[in-house]
Amino acid sequence: MNLNKVTQVARREFIARVRSKAFIFTTLLVPGLFVVWGSISGLLQRTDIDELRLAVVDYETGIGANLTERLEAIEALPITIEESVEVAPAEQEAVRQRMSDAIREGDLDGYLVLRPDSEILARAQYFARETGNPVIIGRLERAVSAAVLENWFTGEELTRVRRVQGADLETITVSEEGEEAGGFWVAYISTFVLGMLIYMMTLMHGQQMALAIVEEKSSRLIELIIGAVTAVEFMAGKILGVLGAGLTQLAVWIGMGLVAVLYVLPALAMADGLMDLNLAEAFSLGTLSYFVVFFLLGYLMYVTLFAAIGATCNSTEELQHAMFPGMLPILIGFFSTFYVMTNPNAFASKVLSFIPLFTPFAMFARVNVAEPPLWEVWLGILLLLLGVMVSVYAAAKVFRVSILMHGKRPAISDIWRMVKTA
Amino acid sequence: MTAETAIRCEDLVKNFDTTRAVDNLSLEVSPGQIFGLLGPNGSGKTTTIRIVLGIFVPDDGSLLVLGHQDPLSVRDQLGYLPEERGLYPRMRIDEQLAFLGTIRGLSFREAKRRAGDWLENLGLAEKAKSQTLELSKGMQQKVQFAAAVIHEPDLVVLDEPFSGLDPVNTRLLKDLILEQKARGATVVLSTHRMDQVEQMCESICLIHQGQAVLTGKLDEIRASYGKSTVRLDYDGDASALAGLEGVREVRDSGRSASLLMDPTTDAQMVLRQLLDRVTVRGFSLEEPSVEDIFLDKVGYDPRHEVES
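Residues numbered from 1 in each chain as written. Chains lettered and ligands numbered in written order. Predicted model: local features only at pLDDT ≥ 70, side-chain atom pairs only at ≥ 80, totals over all residues.

A few points about the overall build of chain A
Working step 1: Scanning chain A from N- to C-terminus turns up 16 helices and 6 strands.
Working step 2: In chain A, which comprises 422 residues, the share counted as buried stands at 40%.
Working step 3: Pairs at least 24 apart in sequence give 76% of the contacts found in chain A among residues at least 6 apart. (Helix = DSSP H or I, 4+ residues; strand = E, 2+ residues; numbered from the N terminus. Buried ≥ 20, exposed ≤ 12 C-beta atoms within 10 Å, placed from the backbone. Contact = placed C-beta atoms within 7 Å.)

Some remarks on the overall build of chain B
Working step 1: Summing up its helical and strand segments, chain B has 9 helices and 13 strands in all.
Working step 2: Overall, chain B is about 70 × 45 × 35 Å in size when its C-alpha atoms are taken along their principal axes.
Working step 3: Sequence separation of 24 or more characterises 70% of the internal contacts of chain B that already satisfy a separation of 6 or more.

Some thoughts on unusual backbone geometry
Residue and element names in this part refer to chain B.
Working step 1: Even without being a glycine, Glu-152 presents a positive backbone phi close to 50°.
Working step 2: Tracing the sequence through the fold places Glu-152 in the loop between α4 (137-149) and β6 (155-159).
Working step 3: Positioned with a positive phi, Glu-160 is a non-glycine residue whose angle comes to about 50°.
Working step 4: By the secondary structure assignment, Glu-160 is in the loop between β6 and α5 (167-182).
Working step 5: What makes Glu-160 partly exposed here is the crowd of 19 C-beta atoms within 10 Å.

Quick word on the pairing of strand β11 (residues 247-252) of chain B
Residue and element names in this part refer to chain B.
Working step 1: Bridge count for β11 against strand β12 (residues 256-261) is 5 bridges, and the pairing is antiparallel. Across the sheet, the residue bridging to Val-247 is Met-261, located in β12.
Working step 2: Hairpin geometry of β11 and β12 is characterised by an intervening segment of 3 residues between the two adjacent antiparallel strands and by a positive phi of about 100° at Gly-254. (Pairing = 2+ DSSP bridges.)

What about the domain arrangement of chain B?
Working step 1: Each assigned domain of chain B is listed here: domain 1 (7-222) and domain 2 (227-286).
Working step 2: For domain 1 of chain B versus domain 2 of chain B, the separation of C-alpha centres amounts to 38 Å. (Domains from an automatic or database assignment.)

Here we look at helix α1 (residues 45-52) of chain B
Residue and element names in this part refer to chain B.
Working step 1: Summarising burial for α1: 8 of the 8 residues are buried, a large majority.
Working step 2: Taken together, the buried positions of α1 are Lys-45, Thr-46, Thr-47, Thr-48, Ile-49, Arg-50, Ile-51 and Val-52.
Working step 3: At the C-terminal side of α1, Gly-54 shows a positive phi close to 80°.

Looking at the interface of chain A and chain B
Working step 1: On the chain B side, the residues contacting the 16 residues of chain A number 18 residues.
Working step 2: Taken together, the elements giving at least two residues each to the side of chain A that touches chain B come down to α1 (3-19) and α8 (221-228) of chain A.
Working step 3: When residues in the side of chain A that touches chain B are grouped by element, the largest group, 7 residues, is from α8(A).
Working step 4: Partitioned by chemical class, the residues of the side of chain A that touches chain B number 9 nonpolar, 3 polar and 4 charged. (Nonpolar A, V, L, I, M, F, W, Y, C, P; charged D, E, K, R; others polar.)

Quick word on the packing of helix α2 (residues 93-102) of chain B against helix α3 (residues 108-121) of chain B
All names here are of chain B.
Working step 1: Contact geometry for α2 and α3: axes closest at 8 Å, N-to-C directions at 130°. Relative to α3, α2 is oriented oblique. Two packed elements cross with a definite hand, and for α2 against α3 that hand is right-handed. Across from Asp-94, Leu-97, Ala-98, Gly-101 and Thr-102 in α2, the residues of α3 making contact are Phe-108, Ala-111, Lys-112, Arg-114, Ala-115, Gly-116, Trp-118 and Leu-119. (Axes fitted to C-alpha atoms, helices over the stretch in contact; angles between N-to-C directions. Parallel < 35°, antiparallel > 145°, perpendicular 65-115°, else oblique. Left-handed = near helix turned anticlockwise from the far one by under 90°.)

Describing the nonpolar core
If you look at soluble globular proteins, the nonpolar side chains tend to sit buried side by side.
Working step 1: Core analysis: the largest hydrophobic core is formed by 131 residues, its most contacted members being Ala307(A), Phe399(A) and Leu97(B).
Working step 2: Sort the elements by how many residues they give to this core and helix α11 (residues 285-311) of chain A lands first, with 15 residues.
Working step 3: For Ala307(A), the residues in contact, after removing those within four places along its chain, are Met209(A), Ala210(A), Ile213(A), Met235(A), Lys238(A), Ile239(A), Ala395(A) and Phe399(A).
Working step 4: Counting 30 residues, the second largest nonpolar core, distinct from the first, contains Val57(A), Tyr111(A), Ala122(A) and Tyr126(A). (Core = buried A, V, L, I, M, F, W, Y, C linked by C-beta atoms within 7 Å.)

What about the confidence of the model for chain B?
Parts of the model with low pLDDT should not have their predicted coordinates read in detail.
Residue and element names in this part refer to chain B.
Working step 1: With 96% of its residues at a pLDDT of 70 or more, chain B shows a mean pLDDT of 87.
Working step 2: Overall, residues 303-308 carries pLDDT values under 50, and its contacts beyond four positions in sequence, including any with other chains, amount to 9 contacts.
Working step 3: On the interface metric, ipTM, the complex scores 0.77, and its pTM is 0.72. (pLDDT = per-residue confidence, 0-100.)

A look at the sheet that holds strand β1 (residues 7-16) of chain B
All names here are of chain B.
Working step 1: Spatial strand order, β2-β1-β4: 3 strands in an open sheet with antiparallel pairing. The open sheet has two free edges, formed respectively by β2 (19-29) and β4 (60-65), since each of these has just one partner strand. For this sheet, the mean inter-axis angle between neighbouring strands, taken without regard to orientation, is 25°.
Working step 2: Both β1 and β4 contribute to a ladder of 5 bridges, which runs antiparallel. By the bridge assignment, Arg-8 is partnered in β4 with Leu-64.

Details of the sheet that holds strand β7 (residues 186-190) of chain B
All names here are of chain B.
Working step 1: Within the open sheet, the 6 strands sit side by side as β5-β6-β7-β3-β8-β9. Their pairing is mixed. Only two strands of the sheet have a single neighbouring strand rather than two, namely β5 (78-81) and β9 (211-217). For this sheet, the mean angle separating the axes of adjacent strands, direction not counted, is 15°.
Working step 2: Strand direction decides the pairing type here: β5 and β6, joined by 4 bridges, are parallel. Paired with Leu-78 across the two strands is Leu-155, which belongs to β6.
Working step 3: Of the strands in this sheet, β3 (34-38), β6, β7 and β8 (203-208) touch α1, which is tilted by about 155° from β6.
Working step 4: Running at roughly 165° to β5, α4 makes contact with β5 and β6 of the sheet.

So this is what it looks like as structure tokens:
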């Protein structure tokens, strides 16, 4: 493999992509959409709170009083503490039932239960009719963390402090039918936003890759190129170029995101308390590192597959039919994240997260909203890596055989033969 | 160049599914000359070219390109102008030219420099930043030619380089091809323009149905036909030219015609017959033109569309 030629192909591809209108458009538009979406939902969620009537039920953790004080001190939310009780184990369930009934009757908006926890002193649950407002949840969560810290942190157990800060507030929705877990976790935002990024970029860039190859094929440029570089050099260069463009786009977005988090949001937060949505927590270093791993591998795998799909087509019309099989797993993978996020440890979620085509979505969602055993995460990454290698190998062979073929598009059986023999 | 021959093909065979595109084809191209590759559409010319350039692998036969059995091992010494032109439609032509140079082994810096020089020479300097789409057909063709030779290859293969060019650009391209020869490169010219072949090529190979039906030095080929062709300028009814005794084929062009005589025919006898039938404005005895030879070997078949 002539690395200089690979570099030249990659360079051309990169420049062609970065200069394209589609690239500039999406690079600027997508963050814009997120901002619009974010502020609209933020506005919608904030406007309907005139009063938040809460109760605190302390199962003998000793921080109930502190939490009550902190909740009342939140200026951004009009919280009224209706009741703050410390109950002995025997009557806990009865008190909780009474509270839930109060919610159903409309006398109360929600209540916090503080349960003793051997590791971090107390874990909190939030029972309410409405648990979907990120601003409220974020605020309550921080009040709980602060209260726990103040009562328990003595300066000796520094390492545990971080865990308390990272603890999510468990939310339970109370309705006429009963009580069910759900509502809003901070982890949802990052899973959704980052999963969406993987989805959009693989889908968009994969399609562009296939389209570019079909164009090169139909304009017969390919004849000129394939006489000068090998099919593998050509494919490698193209994929590197596309990857480079993808990473550039990502870097721009992350840069914009950082500017937003560091400068724009604090300014907004002064005015309306949006900062309660703890972004630094949602996009923690751990989350971002997993994102980079799953993004890179998933992107590479899909872009390679799309390159192979493009090589088998003679015209853009043909490509439109052929593209669907490549898009399907991306769609399934992305939309499965909604299931996986709510059922991270269900059997189906586990299965999905070990199938390389879906791993970038399903495993990323699992590590983000739950804490699956580390070996499962690594197994998923390993299988995905294997998937990337298989797709690169297979695509290179299909590519080499079909890139100069014109006429009838190869059937699945023909493609299988190419992979086996070529 | 050190190799004795630029290209030597022996008994090349290439099949596509059920059709045999190249059928035991042998040809030899001496270095430093302009070599004409002739043949009707679908004769296997382009397939042969692709084999020589290493784009296709032959099913059988032996191949020696610039002294190497595998053309890909000397791919940076090969230049190619494909018949169906290909340039990136939305790429600046200076960058395009440089890119096509780098994938033939030039460094980026050198390719960029040469791309600038070429555009200067072609009178396209002010178009350097334009996209292919903004260029006229003739300009695109010139850029495409530059792309084929920017890396100064030892072997340049040009597939139908003159198609679609106006007379001015045809003249320019001819000069550029001669420059390549002067530089010492071997040029293989595949074309239907018989007049170009006549003017430029020292040797030719005529391919028909995948086989080399005629190959050798152009002068020798023509001499071997002898002065057996009558060039006739006439006024009158074309149908009067039918059934001339001693003439085996008439190629009528309206006011002039080529008459292919049987080897034993006396030209005077043909002239006497003609004087009775049409008004003769000119009558000369010549060696056959390449076109005559082409049609003689391939056989004129009106169903077969021949590009020009």
